[in-house]
Amino acid sequence: MDKNPLISRLNKTVPGAVLEVRRFGRSPISSIWVETQSIQRLGEALKSDPECKFDWLENLSVVEFEGVFVITYFLRSTVTQHTVVLRLSAVLASPTSEVVIPSVWKIWPMAVPMEKDAQEMFGVVFKAPQGSTTVEDSDAKIKILPEGWDGFPLRKNYVFPKEFINIPHSRPVVNRAIPKKTIQ
Amino acid sequence: MAGAFYLSTIGQIMKWARSRSLWYISTGTACCADEVLDTMGCRYDLERFGCLPQVDPRQADLLIVCGMVSYKAAPHLKNLYENMLAPKYVLAVGACANCGGPFSPEFSYSVVAGADQIIPVDVFVPGCPPRPEAIMNGLIALQEKICGQESSHF
Amino acid sequence: MKRNSNDFFKTDLTTWEIGPYHGSLPAPMRLKLSLDGEIIASCQIETGFLHRGLEKACELHSWKSVIAYADHLDPEAAVFGELVLCLGVEEIGEIVVPARAQCIRVILAELTRISSHLAYIVRIARAVGSETIIHYVLRDRERILDLFELLTGARFSLNFLRFGGVCADVTDGFIERVLEVCEMIRIRMKEYNDLFTFNHGFLKRSAFVGTLPTSLIRACGMTGPNARASGVNFDVRKETPYMGYDELEFQIPLGQGEGGNIGDVHDRFLLRLREISQSMEILKQVADRVPAGDFISSKVEKDYVVPPGEAYARIESSRGLLGCHVVSDGKEKPSRVQFRPPSLAHLMAVPELVEGIRIEDLPVVLASLDLGVAEADR
């Protein structure tokens, strides 16, 4: 499908949002790099697009790449079977800080569990237009990690805890008959 | 004289009776729960050992920890164990319940390295997941341990 | 808040928390229920008790070992986790899978789908309280697990797929045994139908109960048999065919609502029985046309390192659309492996689906959704 009409329509309705259009990996799907603060307006424009209504957010994945978070939205249209990929990037200010991104859960309600996952695992906070975060709204208050867990596990600089709730996080290795092989 | 008779013969009979009718609850977590379900099935019948599945911990003697225990679930497992009435036994099935298995402390941040960090375990059954025959082997070893015999099964 | 419509019973709201380990729950999860008499007014789900840190463990292992972790994603349908990872990596590395390996993969995938649906019958029968059918179904599921053991050596976590194909060729007589097992299950399905499917007791507990409306399906992004039972016609094998599914002829069954409504518990059950029949049709077609050839691509050598790039692969697993976003930066360990489990959307729909049903129907409705909490928690 020719994506250029879609990009030109988006540039008319939401000017300045689309930064760059590339190929996604080696597939024919286009990946559109989006300016972070305009993701909500762009999402609404994509959902109400007359030609291809992107009404299904299939996946939301966060990748950390050398201190920069790349957030990828995989969109799909249940009406016309088009797919497109949106990407945002956000720079991590310091190793322990959080990153704030506008939330899209008002546009695609299925984003709630995925945004909650990303917040717990990476520290990427998704803020709704009223100023509240995804985790504070709706039923997303309940977390995957236990209460009182420190740190964001899927970051590259995460250090495993030594113990949690008085249970040590280690196993004494005794009588190892076979020597441990290290990966070269 | 009467006391010695009680301790030796009737004690042996009671231990034999306890070991041959272990009613169990199984904490069905991820992978090993399927194998325990198959052990309960009709090909590898677990009920012929006297084991009846229960839901209430107060009515069970045996706790089968099948699968991994996460830090979030650890207090609940301890609560479950403490609600069982003595005499009670624990069978740890699978590599994750033994020592963390593939989710050992150097690779996984949220899995407790073995169920025996939380509750005392009587018999460990290795495997990922262990075959039903291995689970039955572990159960027979537990029965022999309860009777105080030397086991040929481990 | 749904209040009891019968004013004769003057009931009050009570709260009840069912803890993670309970016999009526399909998997460890915590339910905070607010009950009005015997009717559920609201429900909140807490998962995370099966969180293993799978995605982090994948980043700490070499590429070959990640396949063993991917098949622990969903233990009952282990092949789908490996398959989606292998498809993603093959897209990055531009590896062409030989036709024989593709046929073997299709056979394994459809056998896993049948095995997972048979386990679903066991779970829903336990929830309803019918203990007889469990043993009939487990007897037949053992035959499929015997086939897995014949080919790979393991019953559940197979670890058999590799990047570029499968790890070993099928032995002589394997394909004939697959067809024998299919024929046996086809005959046994009639036994299940006589014994359980249209049994008056099961119908009373499952018809008109837990109807899933299409608006909830679209709002949560549910896929798979749960969505198809309510009439949403979406199957990844037809939309974006992979692994040779576009050359096979099969129909996608949709919910008809024979017992009660379209999309109730009985409909979801019947749909999975029909999917078992369809999987057997696919197996018969594939078994006729397994070509001779390599079982793994010659481009993949012993210590294959994936080139830099990324891919997103999606397949139809037995629960719904399973996706995997693989990112590689050319090193020996993956940079990121992210799974998109179908059960995340199903869990999101549970609080709204469960409102207004009776407390006795709660285990039945939860079991009917085929929740794979292990894959939702990863």
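This part covers the sheet that holds strand 2 (residues 62-66) of chain B. All names here are of chain B. Read across the sheet, four strands follow the order 1-2-3-4 without closing on themselves; strand pairing throughout is parallel. Here the strands that pair on one side only, and so sit at the sheet edges, are strand 1 (24-28) and strand 4 (123-125). Neighbour to neighbour, the strand axes of the sheet diverge by 20 degrees on average, direction disregarded. The pairing of strand 3 (residues 89-93) with strand 4 spans three bridges and is parallel. Opposite Val93, over in strand 4, you have Val125 as the bridge partner. Where helix 2 (residues 32-40) meets the sheet, its contacts fall on strand 1, strand 2 and strand 3, and the angle it forms with strand 2 comes to roughly 130 degrees.

All names here are of chain C. Read from one edge of the open sheet, three strands run 6-7-8, paired in antiparallel fashion. What marks the edges here is a single partner per strand, and that holds for strand 6 (309-316) and strand 8 (336-340). The mean angle between the axes of side-by-side strands here comes to 10 degrees, regardless of whether they run parallel or antiparallel. The pairing of strand 6 with strand 7 (residues 321-328) spans eight bridges and is antiparallel. Residue pairing in the sheet places Ile315 in a bridge with Leu322 of strand 7. Where helix 3 (residues 78-93) meets the sheet, it contacts strand 6, strand 7 and strand 8, and its direction lies at approximately 145 degrees from that of strand 6.

Here the focus is the interface of chain C and chain A. Chain C puts 31 residues into the contact, and the matching count from chain A is 24 residues. Elements that contribute at least two residues to the side of chain C that touches chain A include exactly strand 3 (39-46), helix 1 (54-59), helix 3, helix 8 (214-220), strand 6, strand 7, strand 8 and helix 12 (343-354) of chain C. Looking at the side of chain C that touches chain A residue by residue, the class counts come to ten nonpolar, eleven polar and ten charged.

Moving on, we get to the interface of chain C and chain B. For interface size, the figure often reported is the accessible area lost on association. Contacts between the two partners involve 26 residues from chain C, matched on the other side by 27 residues from chain B. Where the side of chain C that touches chain B is concerned, the elements lending two or more residues are helix 1 and helix 5 (132-152) of chain C. Looking at the side of chain C that touches chain B element by element, the count peaks at four residues for helix 5 of chain C. Looking at the side of chain C that touches chain B residue by residue, the class counts come to 13 nonpolar, eight polar and five charged.

So, how was this worked out
Residues numbered from 1 in each chain as written. Chains lettered and ligands numbered in written order. Predicted model: local features only at pLDDT ≥ 70, side-chain atom pairs only at ≥ 80, totals over all residues. Pairing = 2+ DSSP bridges. Helix = DSSP H or I, 4+ residues; strand = E, 2+ residues; numbered from the N terminus. Axes fitted to C-alpha atoms, helices over the stretch in contact; angles between N-to-C directions. Contact = placed C-beta atoms within 7 Å. Nonpolar A, V, L, I, M, F, W, Y, C, P; charged D, E, K, R; others polar.

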